[in-house]
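This is what each chain is made of:
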Amino acid sequence: SIIECRESEGGCQYEYEKALTRGPNGQNCLEAFFPLHDEDEMLPVLRKVIDVYTMPWNIPIDELKDYFGEKIGLYFKWAAHYTSWLSVAAVAGTITFIFTTGVF
């Protein structure tokens, strides 16, 4: 992993097993750690998602899932599905509003 790799390989050469051992006061020095994002991989995927002209049904779900994981991919799939159906309701509501206010 990027955390354990040597610095010459682009890692930080952190020996987290030593930090997980008990400190002098009897508590763990390190309780959890979270890897940082790789911007070279993340930015192209996010640019496709937050593009103004990308419709909810055209979001690259597989690329999001591969980078962020299954749970985040499932969330984006659900959000795209929900947004698609809300757009149908918005069109129906707009038509109803126009006809009930007497514009036509």
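Before going into details, it helps to say that this report is about the structure given with it. In this text the structure is predicted, and so the values were computed from the model without any measurement.

Section: the environment of Thr 101
At step 1: Relative to the helices and strands, Thr 101 resides in helix H4 (residues 70-101).
At step 2: Residue classification places Thr 101 among the partly exposed residues on the basis of a relative accessible area of 43%.
At step 3: Engagement of the side chain of Thr 101 in a polar contact is seen with the backbone oxygen of Phe 97, the distance being 2.8 Å.
At step 4: Within the local environment of Thr 101, its side chain forms a polar contact with the backbone oxygen of Ile 98, the two atoms lying 3.2 Å apart.

Some details on the nonpolar core
General note: in soluble globular proteins, nonpolar side chains tend to be found buried as a group.
At step 1: Counting residues in each nonpolar core, the largest one holds 6 residues, listed as Val 45, Val 49, Ile 59, Ile 61, Leu 64 and Ala 80.
At step 2: Taken together, the elements giving at least two residues each to this core come down to helix H2 (39-49) and helix H3 (61-68).
At step 3: If sequence neighbours within four positions are ignored, Leu 64 has contacts with Val 45, Val 49, Ile 59, Gly 69 and Phe 76.

Notes on the pattern of salt bridges
At step 1: Within this structure, the stated rule accounts for 3 salt bridges.
At step 2: Between Lys 48 and Glu 63 there is a salt bridge, and its shortest N-O distance comes to 3.1 Å. In this pair, Lys 48 is assigned in helix H2 and Glu 63 in helix H3, connecting sequence segments 15 residues apart.
At step 3: For Lys 48, a relative accessible area of 39% gives the class partly exposed.
At step 4: Relative accessible area serves as the criterion here: at 33%, Glu 63 is assigned to the partly exposed category.
At step 5: A salt bridge links Lys 65 to Glu 70; the shortest N-O distance between them is 4.0 Å.
At step 6: With a relative accessible area of 28%, Lys 65 lands in the partly exposed category.
At step 7: Judged by its relative accessible area of 57%, Glu 70 is exposed.
At step 8: Because the salt bridges share partners, they merge into one network encompassing Lys 65, Asp 66 and Glu 70.

What counts and what doesn't
- Residues numbered from 1 in each chain as written.
- Predicted model: local features only at pLDDT ≥ 70, side-chain atom pairs only at ≥ 80, totals over all residues.
- Heavy atoms only, no water.
- Helix = DSSP H or I, 4+ residues; strand = E, 2+ residues; numbered from the N terminus.
- Buried < 20%, exposed > 50% of the residue type's maximum accessible area, 1.4 Å probe, protein only.
- Polar contact = N/O pair within 3.5 Å; in protein donor to acceptor, adjacent residues only side chain to side chain.
- Core = buried A, V, L, I, M, F, W, Y, C linked by side-chain atoms within 4.5 Å.
- Contact = heavy atoms within 4.5 Å.
- Salt bridge = Lys/Arg side-chain N within 4 Å of Asp/Glu carboxyl O.

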